[in-house]
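Observations on chain architecture
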Amino acid sequence: MKYGKTILSLSAVILPLGLISLAVGNSRETAPAAAAAANPALSVTTVQPQWLDMPIALTANGSIAAWQEAVIGAEIGDLRLSAVNVQVGEAVKKGQVLATFSDESVLADIAQSRGIVAEAQANLEEARANAERARKVLEKGALSAQQVDQYLTGAKTAEAKLQSAKAQLDAQLLRLKYTKVLASDDGVISSRSATLGAVAAKGQELFKLIRQNRLEWRGEVTAAEMTQLRPGVEATVEVPNVGRIRGTVRFLAPTLDEQSRNGLVYVDLPNAAQNGLRAGMFGRGEFHLGSSAGLTVPQDALSLREGFSYVFRVAEQNGDRAKVEQVKVQLGRRAGDVLEVLAGLNPGDRLVARGASFLADGDSVRVVAP
């Protein structure tokens with residue numbers, strides 16, 4: 001009997017110890033979960049995707065060029081340049097004297113031509129007088145009809161020689177006019193090959209002039225993109241580290257390049273030079289084609305990882321605690337600090353508004369009011 005009572009007493013002691021051990025084990029399993037719930041990775045606010053009107057834009061690359069560039073050349077040859085009045089970059093007015101040729105030889109030719117004209121004028125007066133006297137004596141029979149015709153023909157010949165002499169004088173006066181090289185329009189000198197003291201040949205280029213200092217952007221687009229454009233469409237052209245300016249499509253190229261199958265779009269850029277743009281600069285342009293609705297998220301809700309864009313969606317929420325899941329999204333257009341989402345989200349999704357770059361898939365967060 002005593003032995004049996006001892007066994008019962010031991011079993012009574014072991015049973016409570018097992019319950020205590022089981023209770024300790026359960027408390028150890030729930031401790032990490034409680035700790036995780038008590039220490040969320042981040043306190044966040046949430047935002048939902050919104051439908052907004054997003055601009056429809058078409059981008060292209062191209063170069064800044066002169067609207068029209070005029071070549072100003074020598075209209076007279078074999079004369080020495082005695083003065084060059086402008087340099088590259090100077091603004092000029094229409095009719096302004098850009099350079100001057102030496103005119104001594106031209107003035108001598110003019111004096112000679114005037115002498116020839118005076119001589120021809122005197123010969124004409126004499127021939128006319130002879131022809132008049134011949135007409136008077138023709139009735140008296142003192143001269144034959146053939147002789148009278150000769151006097152009349154001589155008068156006409158003298159008149160023709162006078163006209164020829166006057167034409168030569170006009171040509172020499174025109175040469176004198178061409179000794180001054182004039183600007184053909186308002187603009188800016190873009191190139192100068194005139195050298196003081198040089199003897200220029202007729203037709204030789206002396207200056208290049210950007211007419212009216214007017215620039216344009218020539219964007220290169222594909223055939224499909226060109227069908228979306230038309231004259232009058234607004235565009236924005238930006239040259240990195242220089243400036244950004246708005247313009248208007250002037251016209252589209254009538255043909256495409258046979259090799260690239262691309263075409264040029266000509267965009268007028270008013271006041272481009274005043275904004276720091278220069279011919280030859282490379283710029284990126286954006287054509288504004290209207291707007292359409294798109295599902296958008298704030299830029300702060302996005303996280304860029306390994307070349308892809310992600311957002312964190314609130315998946316499970318209990319009170320102010322929630323778990324987030326990482327969602328890969330496909331982005332479209334941009335307007336300010338919001339971006340269009342083409343795939344990956346629904347309008348009713350709740351997203352982490354900020355701090356996405358500090359989260360990982362499955363993290364626990366604390367949701368707070370905005």
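Right, let's walk through the structure included here. (Residues numbered from 1 in each chain as written. Predicted model: local features only at pLDDT ≥ 70, side-chain atom pairs only at ≥ 80, totals over all residues. Heavy atoms only, no water.)

1. Describing the sheet that holds strand β8 (residues 180-182)
Stated precisely, the cut-off is as follows: For two strands to be treated as a pair, DSSP must find no fewer than two bridges joining them. The helix count covers DSSP runs of H or I at least four residues long, the strand count covers runs of E at least two residues long, and both are numbered beginning at the N terminus.
On the basis of which strands lie adjacent, the open sheet formed by four strands has the order β8-β7-β5-β10 and antiparallel pairing. Each edge of the sheet is formed by a strand with only one pairing partner; in this case those strands are β8 and β10 (199-200). As judged from the three bridges shared by strand β7 (residues 97-101) and β8, these two strands associate in the antiparallel manner. In the strand pairing of β8, valine 97 is matched with leucine 182.

2. Thoughts on helix α3 (residues 145-178)
How we decide: The length a helix should cover is 1.5 Å for every residue beyond the first. For each residue, the accessible area found with a 1.4 Å probe, counting protein chains only, is set against the maximum for its type, and the residue is called buried under 20%, exposed over 50%, and partly exposed in between. Contact between two residues is taken to exist if any of their heavy atoms lie within 4.5 Å; hydrogens are not considered.
Helix length check: α3 (34 residues) gives 50 Å between terminal C-alpha atoms against 50 Å at 1.5 Å per residue, within 8%. Within α3 the residues assigned to the buried category are Val148, Ala155, Ala158, Leu162, Ala165, Leu169 and Gln172. In this structure, the buried side of α3 is in contact with α2 (104-138).

3. Observations regarding α2
In an α-helix, one turn spans 3.6 residues, which is why side chains three or four residues apart end up on the same side. Here α2 spans 51 Å end to end across 35 residues, near enough to the 51 Å set by a 1.5 Å rise per residue. Along α2, the residues classified as buried are Val106, Ile110, Ser113, Val117, Ala120, Leu124, Ala127, Ala131 and Ala134.

4. Section: the nonpolar core
Just so we agree on the cut-off: In this text, buried Ala, Val, Leu, Ile, Met, Phe, Trp, Tyr and Cys residues form a nonpolar core when linked through side-chain atoms within 4.5 Å. Source of the domain bounds: an automatic or database domain assignment.
Ranked by internal contacts, the top residues of the largest apolar core, which has 32 residues, are Val92, Leu98, Phe101, Val181, Ile189, Leu206 and Phe207. Elements with a minimum of two residues in this core: β4 (69-73), β5 (79-84), β7, α2, α3 and β11 (205-211). Ranked by the residues each element gives to this core, the list is headed by α2, at seven residues. Each of domain 2 (69-102 + 180-210) and domain 3 (104-177) gives at least three residues to this core.

5. Observations regarding the pattern of salt bridges
Heads up, the rule is: Between Lys or Arg on one side and Asp or Glu on the other, a salt bridge is scored when a side-chain nitrogen of the former is within 4 Å of a carboxyl oxygen of the latter.
Taken as a whole and judged by the stated rule, the model has 13 salt bridges. Between arginine 250 and aspartate 268 there is a salt bridge; the shortest N-O distance is 3.2 Å. Of this pair, arginine 250 sits in strand β14 (residues 243-252) while aspartate 268 sits in strand β15 (residues 262-269); the two residues are 18 residues apart in sequence, bridging distant segments of the chain. Looking at arginine 250, the relative accessible area reads 26%, which means it is partly exposed. The shortest N-O distance in the salt bridge between arginine 333 and glutamate 340 comes to 2.8 Å. Here glutamate 340 falls in the buried class, since its relative accessible area comes to 9%. Several salt bridges share partner residues, and in doing so they unite Arg214, Glu216, Arg218, Arg250 and Asp268 into one network.

6. Some words on the environment of serine 43
With respect to the element layout, serine 43 can be found in strand β1 (residues 42-44). Excluding its chain neighbours within four sequence positions, the residues that come into contact with serine 43 are Arg366 and Val368.

7. With respect to the pairing of β7
Among the five residues that make up β7, four are buried, leaving the element largely enclosed by the rest of the structure. Relative to β7, β5 is paired through three bridges, and the arrangement is antiparallel. By the bridge assignment for β7, valine 84 is matched with alanine 99.

8. Some remarks on the environment of arginine 244
Keep this limit in mind: Polar contact criterion, stated in full: a pair of N or O atoms within 3.5 Å, where within protein one must be able to donate a hydrogen and the other to accept it, and residues adjacent in sequence count only if both atoms are side-chain atoms.
Its location among the elements puts arginine 244 in strand β14. On the basis of relative accessible area, arginine 244 is assigned to the exposed category, the value being 53%. Distance from arginine 244 to glycine 285, taken between C-alpha atoms, is 9.4 Å for residues 41 residues apart in sequence. Ignoring anything within four residues of it in the chain, the contact list for arginine 244 reads Thr236, Val237 and Glu238. Reaching out from arginine 244, the side chain makes a polar contact with the side chain of glutamate 238 at a distance of 2.9 Å.

9. A short note on the packing of α2 against α3
Here is the rule we go by: Lines fitted to C-alpha atoms define the axes, with helix axes restricted to the stretch in contact, and inter-axis angles between N-to-C directions lie between 0 and 180 degrees. For classification purposes, an angle smaller than 35 degrees is called roughly parallel, one larger than 145 roughly antiparallel, one from 65 to 115 roughly perpendicular, and anything else oblique. With the far helix as reference, a near helix turned anticlockwise by less than a right angle produces a left-handed crossing, and one turned clockwise produces a right-handed crossing. Residues are sorted three ways: Asp, Glu, Lys and Arg are charged, Ala, Val, Leu, Ile, Met, Phe, Trp, Tyr, Cys and Pro are nonpolar, and all the rest, Gly among them, are polar.
Their axes nearest at 8 Å, the elements α2 and α3 cross at an angle of 160°. One element, α2, and the other, α3, form an angle in the roughly antiparallel class. Regarding α2 and α3, the two cross each other, and that crossing is left-handed. Its residues placed into classes, the contact of α2 with α3 shows 22 nonpolar, seven polar and eight charged.

10. Observations regarding the side chain of threonine 179
In this structure, threonine 179 sits in the loop between α3 and β8. In this structure threonine 179 comes out as buried when scored by relative accessible area, which is 3%. If we skip the residues at most four places from it in the chain, threonine 179 touches Ile76, Leu79, Ala99, Thr100, Phe101, Ser102, Asp103 and Val106.

11. Digging into the pairing of strand β16 (residues 282-298)
Note that strand β3 (residues 50-66) and β16 share 13 bridges and pair antiparallel. Residue pairing for β16: serine 63 is matched across the bridge by phenylalanine 282. Relative to strand β20 (residues 338-343), β16 runs antiparallel, the two sharing three bridges. What sits directly across from threonine 296, in β20, is glutamate 340.

12. Overview of unusual backbone geometry
Of note in this structure, aspartate 78 is not a glycine but carries a positive phi near 65°. Tracing the backbone through its elements, the reader meets aspartate 78 in the loop between β4 and β5. Of note, asparagine 213 is a non-glycine position whose phi angle comes to about 50°, a positive value. With respect to the helices, strands and loops of the structure, asparagine 213 is situated in the loop between β11 and β12 (215-222). Classification of asparagine 213 as partly exposed rests on a relative accessible area of 27%.

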